[in-house]
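Given next are the chains, with one letter for each unit.
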Amino acid sequence: MVTPISYRTGRFARPGIRILLALLAGLCVSAAQAQWPDRPIRLVVPYPAGGLTDIVTRVLSDEVGRNLGTTVVVENKAGAGGQIGLDAVLRAPADGYTLALVVPATMITLPLTNPNFKIRPLEQFAPITIAVDTFLSLVVDPKLGPKNLAEFVDHAKKNPGKMNYGTPGVGTSFHFNNVMMARKLGIDTVHVPYQGEVKILTDVAGGLLQFALVTNTAKPFIDSGKVRPIAVSSAKRVVSLPDVPTFKEAGSDFTSDGWVGYAAAAGTPKPILDKLHVAFVKALQAPAVRDRLADMGYLVSGNSPEEFAAIVREATQRYSDVLQSGQIKLN
């Protein structure tokens, strides 16, 4: 008697049938990835609309969408230092249709300093690229006297423990960068935490703070003469402040950690990650995008996912060392 062929797909299916079904499933997945994307992509900005990260993302999103042949919808989901927005990305399927904006705060400082921040950056996210490197400006109260970095350092060394600076909070990247700048310059300064940069700049202008490291939010204060720029922490001069030297030009090798990057959920298929990387890099190379970002004072990056991950790992180790040194006290 001839045994009939079983077409069951469970554990009793014949080996040849199981192999055929596996091959067919693989072909279906490959076909789906080849056609990706076939619907709009959601790009979650875990901060309010109108800020630096939101503006950079909106400059990029249309061009990225054109490169992929779909629409990229920017969605602001602010709260809990970025955790609410990132959690929304992690709850979505890891299929490349939901992406995250990430910055040093969410990828480096908050995982190190806040036990309630539950994101494990390089375990839960797959880096795509850093879009732009941002910078900080060292600004001082114009009545303080120093007009360049050498004079600033000289003044600080003559007044140890009397130079107050403000940051948007304890354990923020601003706080870390100020501590590392002080290390490089050999000065002793005092941290005063604030809620935001505008109040910091107002108090520098009013003489309540002696200096601060601030983002391009400072430009109106600089242009009006309310604060005096001493140096910028970028690798080269920025278009928005062409007359302000870099720290390197002024005699110090200090540079700050600041960037805006994008990532997908870990587990997103590599062919999709590759398409996303190509689309973002191509968008960053578009003249209109490059010019707009340059006008904002940012340096276009477009590095590889591997380079992005290496930057996060290196900075995480460096910040851990600062914490262990006791130079930053979180309580």
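All values reported here derive from a predicted model rather than from experimental measurement.

Asker: Just to check I follow, could you spell out the environment of N331 for this structure?
Answerer: Considering the arrangement of structural elements, one finds N331 in the segment after α12 (305-325). C-alpha separation for the pair N331 and F254, spaced 77 residues apart in sequence, amounts to 27 Å.

Asker: What am I meant to see in the packing of aromatic side chains here?
Answerer: Between two aromatic rings, the relevant description is the distance of the centres plus the angle of the planes. The final tally for this structure, using the stated rule, is eight aromatic pairs. With 5.4 Å between their ring centres and 35° between their planes, Y165 and F211 make a pair best called tilted. Pair noted here: Y165 is in strand β6 (residues 163-167) and F211 is in strand β8 (residues 211-214), with a separation of 46 residues, a long-range link. The same class applies to Y165 and to F211, which are both buried. Taking 5.0 Å as the distance between ring centres and 80° as the angle between the ring planes, the aromatic pair formed by F247 and F254 counts as edge-to-face. For F247, a relative accessible area of 0% gives the class buried.

Asker: Explain the pairing of strand β1 (residues 41-45) to me, please; I cannot follow it from the model alone.
Answerer: Here is the key point about a regular strand: its side chains alternate between the two faces of the sheet. Within β1, four of the five residues are buried, which leaves the element mostly enclosed by the surrounding structure. Here β1 runs beside strand β2 (residues 72-76); their pairing, made up of five bridges, is parallel. Note on β2: the bridge partner recorded for I41 is V72. This β-α-β element, β1 to helix α2 (residues 52-68) to β2, shows right-handed connectivity. The pairing of β1 with strand β3 (residues 98-102) spans three bridges and is parallel. The residue of β3 that forms the bridge with V44 is A100.

Asker: What's the story with α12 in this structure? I'm lost.
Answerer: Each turn of an α-helix holds 3.6 residues, which means side chains three or four residues apart point in the same direction. Taking 1.5 Å of rise per residue, 21 residues should cover 30 Å, and α12 covers 31 Å from first to last C-alpha, within 8% of that figure. Buried within α12 are the following residues: F308, A309, V312, A315, Y319, S320 and V322. Down the axis of α12, the smallest arc covering the buried residues is 160°, so these residues share one side. Relative to its buried face, α12 has exposed residues pointing more than 90 degrees away, namely E306, R313 and Q324. Where the residues of α12 are buried, they touch β3, α4 (104-113), α5 (121-124), β4 (125-133), α7 (173-185) and β10 (259-265).

Asker: Explain the sheet that holds β10 here, please?
Answerer: Backbone-to-backbone hydrogen bonds join strands into a sheet, with any given pair of strands oriented parallel or antiparallel. What the six strands build is an open sheet, ordered β2-β1-β3-β10-β4-β11; its pairing is mixed. Edge positions in the sheet fall to β2 and β11 (299-300), since each of these pairs with one other strand and no more. Here α2 sits on the sheet in contact with β1, β2, β3, β4 and β10, set at roughly 160° to β2.

Asker: In this structure, what is going on with unusual backbone geometry? I would like to understand it.
Answerer: Most peptide bonds adopt trans geometry, and most residues besides glycine take a negative phi value. Following W36, the chain continues to P37 via a peptide bond in cis, the omega torsion being 0°. Among the secondary structure elements, P37 is positioned in the loop between α1 (15-35) and β1. Positive phi outside glycine occurs at A80, with the angle close to 55°. Among the structural elements, A80 can be located in the loop between β2 and α3 (83-91). Since its relative accessible area comes to 54%, A80 is described here as exposed.

Asker: Teacher, can you tell me more about the pairing of β10 here?
Answerer: Most of β10 sits inside the fold, with seven of its seven residues counted as buried. Relative to β10, β3 is paired through four bridges, and the arrangement is antiparallel. Across the sheet, the residue bridging to A100 is A263, located in β10. Pairing analysis gives seven bridges linking β4 to β10, with the strands arranged antiparallel. Residue pairing across strands places V132 opposite V260, the latter belonging to β10.

How each quantity is defined
Residues numbered from 1 in each chain as written. Predicted model: local features only at pLDDT ≥ 70, side-chain atom pairs only at ≥ 80, totals over all residues. Heavy atoms only, no water. Helix = DSSP H or I, 4+ residues; strand = E, 2+ residues; numbered from the N terminus. Phe/Tyr/Trp six-rings, centres within 6.5 Å; stacked < 30°, edge-to-face > 60°. Buried < 20%, exposed > 50% of the residue type's maximum accessible area, 1.4 Å probe, protein only. Pairing = 2+ DSSP bridges. Right-handed = clockwise from strand over helix to strand, strands pointing away. Expected span 1.5 Å × (residues − 1). Arc of directions from axis to C-beta. Contact = heavy atoms within 4.5 Å. Axes fitted to C-alpha atoms, helices over the stretch in contact; angles between N-to-C directions.

Treat this as a map of the structure, not an account of what it does.
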